[in-house]
Amino acid sequence: MTDDQGMGDLSCMGNTVVKTPHIDAFYQKSTRLTEYHVSPTCAPTRAAIMSGQHEFRVGVTHTILERERMALDVYTLPQAIQSAGYQTGLFGKWHLGDAEDYLPQHRGFNEVLMHGGGGIGQVNLGDFPPNKDNVYFDNVLLHNETIVKTKGFCTDVFFDAAMAWTKAQTTKNQPYFAYISLNAPHAPLIAPEAYKKRFLDLGYDEGTAGRYGMIENIDDNFGRLMSKLEEWNALENTLIIFTTDNGATHLRGTLNGEKIKHFNANLKGGKNSPNEGGDHVPLFMYWKGVLTEGKDINQLTAHIDLYPTFAELVGTKLPEDMQDLEGLSLIPLLENTAINWEDRLLFTHCGRWKTGMVNTAKF
């Protein structure tokens, strides 16, 4: 799951500037949920995925001001997966609370490599102070209970760690859930120089070059992951999902000094917008020999559907006293798109009211 990458940020979705050949190849053989919707910003989407409820119900109404802290009484998705005998790993962004009790190590993840706050370098919001000086390179991260200094570009680091951990699980024939939750291409728009060069040479501004460079770096890393899963003979029993947490940012830039609008898949709005540009994102699912390749599912689906889907897939028995799941299992759709999928109404709200305002509201 990438961060702040919209429907128009892939060449398979119509972008003619950025090149994403590995994700494009994945798209071609995937089952694609064409009407998959999330929340307009980062922490709310993550809360909905981890809880199976709309984010407001679990206390997440913003990305900052401690309003990103997911309620501690939530029985989380990784806890449910753990209960079925799976190992669970998080690599990258958590963004559901940095106070001790809220950390993912205490909420269902066996293995964690994460930055703090909502993004690397956001030291005033919870990230490690050294990251302010060298954003996205050689970062200080939290590895389980230990603060570590890493070397290299952040996306490469998270993929390297995820693949090493995944290989260990496959070697042991251990069922696992790997949550590769990248901070890229979230601002600041910084990429390795080799990934920026093509866009700068074309005449794009630094921000566009950095952002598209991050996306092409993600694509290369995704290609490495798929190659390794094939090498480890893991594709036949692994469900792989590519998705994003909300719509795009940096929707405008310059080309050779002229102001331009970037491709946004003809959607209105972007991140932090309740319009489709803010909450309509890709969801590509691939399971070799199990899911139909190159199939579009057009029924309305959402982030709250992932929890019941995964719980059903792993065969976990959920506690009777946990929160009510508000989503629907996607398995009937994955098995047969012609099934009578119930009509539904999804409510989207940016939730960025001023702190304290909720106390005056009537529910």
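Refer to the preceding data block for the structure.
Right, let's walk through the structure included here. None of the values given here were measured: they were computed from a predicted structure.

This next bit is on unusual backbone geometry. Residue Pro185 is bonded to the preceding Ala184 through a cis peptide linkage, with omega at 0 degrees. Its place among the elements puts Pro185 in the loop between β7 (176-181) and α5 (193-202). Residue Pro188 is reached from Ala187 by a cis peptide bond, and omega for that bond is 5 degrees. Within the secondary structure layout, Pro188 lies in the loop between β7 and α5. A positive phi angle is found at Leu65, which is not glycine, with a value near 60 degrees. With respect to the secondary-structure elements, Leu65 resides in the loop between α2 (42-51) and α3 (77-82).

Quick look at the pattern of salt bridges now. Taken as a whole and judged by the stated rule, the model has 16 salt bridges. A salt bridge links Arg57 to Glu326, with the shortest nitrogen-to-oxygen separation between them at 2.4 Å. Residue Arg57 is found in the loop between α2 and α3, and its partner Glu326 is found in the loop between α8 (306-314) and α9 (331-335); the two are separated by 269 residues along the sequence. Look at Arg57 and you get exposed, because its relative accessible area is 58%. We classify Glu326 as partly exposed; its relative accessible area is 26%. The partner of Arg224 in a salt bridge is Asp160, with the nearest N and O atoms 2.8 Å apart. Of this pair, Arg224 sits in helix α6 (residues 206-231) while Asp160 sits in helix α4 (residues 154-171); the two residues are 64 residues apart in sequence, bridging distant segments of the chain. Residue classification places Asp160 among the partly exposed positions, given a relative accessible area of 40%. In this structure, a network of salt bridges that share partners links the residues Asp3, Arg46, Lys93 and Asp245.

Reading the values: rules and limits
Residues numbered from 1 in each chain as written. Predicted model: local features only at pLDDT ≥ 70, side-chain atom pairs only at ≥ 80, totals over all residues. Heavy atoms only, no water. Helix = DSSP H or I, 4+ residues; strand = E, 2+ residues; numbered from the N terminus. Salt bridge = Lys/Arg side-chain N within 4 Å of Asp/Glu carboxyl O. Buried < 20%, exposed > 50% of the residue type's maximum accessible area, 1.4 Å probe, protein only.

Everything listed is a geometric property; what it means functionally is a separate question.
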